[in-house]
Amino acid sequence: MRACRITDFDQPPILADIPLAPPAPGEVRVAIRAGALNFADTLMCKGRYQDTPEPPFTLGLELAGEVEALGEGVEGFEPGQRVAVYSGQGGLAEAGNFSAGRCIPIPEGLGFAEAAALQIAYGTSHMALDYKARLQPGERLVVTGAAGGVGLTAVEIGKLMGAEVIAIARGADKLAIAQAAGADHLIDAEATDIREQIKALGGADVVYDAVGEPLYEACFRATNPDGRILLIGFAGGELPKMKPNHMLVKNITAIGFYWGAYLNFNPAPLRASLATLFDWAAQGRIKPHISHRLPLEQFENALDLIRTRQATGKVVLEP
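A brief report on the enclosed structure follows. (Residues numbered from 1 in each chain as written. Predicted model: local features only at pLDDT ≥ 70, side-chain atom pairs only at ≥ 80, totals over all residues. Heavy atoms only, no water.)

## Let's talk about the side chain of H126
Here comes step 1: Counting through the fold element by element, H126 comes out in helix α2 (residues 112–132).
Here comes step 2: Separated by 2.7 Å, the side chains of H126 and S273 make a polar contact.
Here comes step 3: Contact partners of H126, with chain neighbours within four places excluded, come to Y131, I157, S273, T276, L277 and W280. (Helix = DSSP H or I, 4+ residues; strand = E, 2+ residues; numbered from the N terminus. Polar contact = N/O pair within 3.5 Å; in protein donor to acceptor, adjacent residues only side chain to side chain. Contact = heavy atoms within 4.5 Å.)

Right under this line is the structure:
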């Protein structure tokens, strides 16, 4: 089978033909129909992601496809069944063997690309806003990187949860996408008065920050007393400059959140969240925004779209 491989952190990824063994006990072999890219894939290319395996390995944290074969002891799945998989690796390929515990049946009416694309981005936003920040109806939610892979889902889910959503993104085109996802207020990331604009709208009760500096400080300074700041990622390349003395005085809570870790130490809320999201998607209450669908051969272009922030929503490779 063909797979997008990392052979060395000092070398670019390559498309290689590699053998595929039969599924081991507890595994499911999946013929991959769609693999969704994430910012984490760009970090894994250089060994800079927290869960990067040792080379060689296949890129791709999430995928969807059809069950081809079952390993010993696997129950609840059958050949031909459509499944989505949070794999952690191996999604950018034509096929793969994955733990049955990471496979989720795809409901009727949901396509492969959408099923692959909603797991990490929507899962991150739903668990962060609901399970961690306890976002309440009527609260004011600020989302940085609001047209990106996870930011756009935070806008959509925040609105679905009854929040008043302030979207921060770069340029009119990206802001229009955030507005279409439900944002009530729009702020250009290039503005010099972001803090003042948020304050004029009443301040932030919850901040969903996927960018880091320089947006973090402006959002922090516009956060209301007793507010919560979710640290989702650092796509801007610079870590937030935390001011614990200011956090103390304003009773602000900073919440670190890494979705994938829950599979290892507390999978129950993650599985419950995904069940909710797949139900919402099947009902049409959420709809993954996929800006680019490319063949597997164009994996380099797909990664560049993520690195250069040209993508809005998700980029999907379809073998």
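## Some words on the sheet that holds strand β9 (residues 140–144)
Here comes step 1: Spatial strand order, β11-β10-β9-β12-β13-β14: six strands in an open sheet with parallel pairing. Here the strands that pair on one side only, and so sit at the sheet edges, are β11 (185–188) and β14 (253–256). Taken pair by pair, the neighbouring strands of this sheet meet at an average axis angle of 20°, ignoring direction.
Here comes step 2: Relative to strand β13 (residues 223–231), strand β12 (residues 204–209) runs parallel, the two being bridged by five bridges. Paired with D209 across the bridge in β13 is L231.
Here comes step 3: Most of the contacts of α2 go to β12, to which it runs at about 150°, and overall it touches β9, β12, β13 and β14. (Pairing = 2+ DSSP bridges. Axes fitted to C-alpha atoms, helices over the stretch in contact; angles between N-to-C directions.)

## Some remarks on the packing of α2 against helix α9 (residues 267–283)
Here comes step 1: Two numbers describe how α2 lies on α9: the axes approach to 9 Å, and their chain directions differ by 120°. In this view, α2 runs oblique relative to α9, as classed from their interaxial angle. As α2 runs across α9, the sense of the crossing is right-handed. Facing α2, whose interface residues are A115, L118, Q119, Y122, G123, H126, M127 and Y131, α9 presents P269, L270, S273, L274, T276, L277, F278, W280 and A281. (Parallel < 35°, antiparallel > 145°, perpendicular 65-115°, else oblique. Left-handed = near helix turned anticlockwise from the far one by under 90°.)

## As for the packing of α2 against helix α3 (residues 151–160)
Here comes step 1: Direction vectors running N to C along α2 and α3 enclose 50°, while the axes themselves pass 9 Å from each other. In terms of orientation, α2 lies oblique with respect to α3. As for the relative orientation of α2 and α3, their crossing is right-handed in sense. In this structure, α2 contributes A121, Y122, S125, H126 and L129 to the contact, and α3 contributes T153, A154, E156, I157 and G158.
Here comes step 2: Split into classes, the residues belonging to the contact of α2 with α3 amount to five nonpolar, four polar and one charged. (Nonpolar A, V, L, I, M, F, W, Y, C, P; charged D, E, K, R; others polar.)

## Here's the deal with the packing of aromatic side chains
Here comes step 1: The tally for this structure, following the rule as stated, stands at seven aromatic pairs.
Here comes step 2: Residues Y86 and W259 carry aromatic rings whose centres are separated by 4.8 Å and whose planes lie at 80° to one another, so their mutual orientation is edge-to-face. Residue Y86 is found in strand β6 (residues 82–86), and its partner W259 is found in the loop between β14 and α8 (262–265); the two are separated by 173 residues along the sequence.
Here comes step 3: Taken together through their ring pairs, the aromatic side chains of Y131, F257, Y262 and F265 make up a single cluster.
Here comes step 4: Lying across the ring of F112, R82 places its NZ or CZ 5.2 Å from the centre.
Here comes step 5: In this arrangement the basic side chain of K250 is found over the ring face of F220, its NZ or CZ atom lying 5.7 Å from the centre. (Phe/Tyr/Trp six-rings, centres within 6.5 Å; stacked < 30°, edge-to-face > 60°. Lys NZ or Arg CZ within 6 Å of the ring centre and 35° of its normal.)

## Some points on the environment of T192
Here comes step 1: Topologically, T192 is positioned in the loop between β11 and α5 (194–200).
Here comes step 2: Taking the C-alpha atoms as reference points, T192 and A210, 18 residues apart in sequence, are found 19 Å from one another.

## Observations regarding the sheet that holds strand β4 (residues 57–58)
Here comes step 1: One open sheet accounts for three strands, arranged β2-β1-β4; its pairing is antiparallel. The open sheet terminates on both sides in strands that have one partner only, identified here as β2 (14–17) and β4.

## Details of the nonpolar core
Here comes step 1: Membership of the largest hydrophobic core comes to 77 residues, with the highest contact counts inside it found for L59, L129, L141, Y208 and L230.
Here comes step 2: Among the elements that make up this core, the one with the highest residue count is α2 (ten residues).
Here comes step 3: Residues within four places of L59 in sequence aside, it is in contact with C4, I6, P13, D41, M44, C45, G90, G91, L92 and L303.
Here comes step 4: Of all hydrophobic cores here, the second largest spans 20 residues; its members include I194, L215, L231 and I252. (Core = buried A, V, L, I, M, F, W, Y, C linked by side-chain atoms within 4.5 Å. Buried < 20%, exposed > 50% of the residue type's maximum accessible area, 1.4 Å probe, protein only.)

## Quick look at helix α10 (residues 299–307)
Here comes step 1: For α10, the complete set of buried residues consists of F299, A302, L303, L305 and I306. Around the axis of α10, the buried residues are gathered within 155° of arc, so they sit on the same side.
Here comes step 2: Next to the buried residues of α10 lie β1 (2–6), β2, α1 (39–44), β15 (290–295) and β16 (314–318).
Here comes step 3: In the stretch just after α10, R309 is the one whose phi turns positive, near 60°. (Arc of directions from axis to C-beta.)

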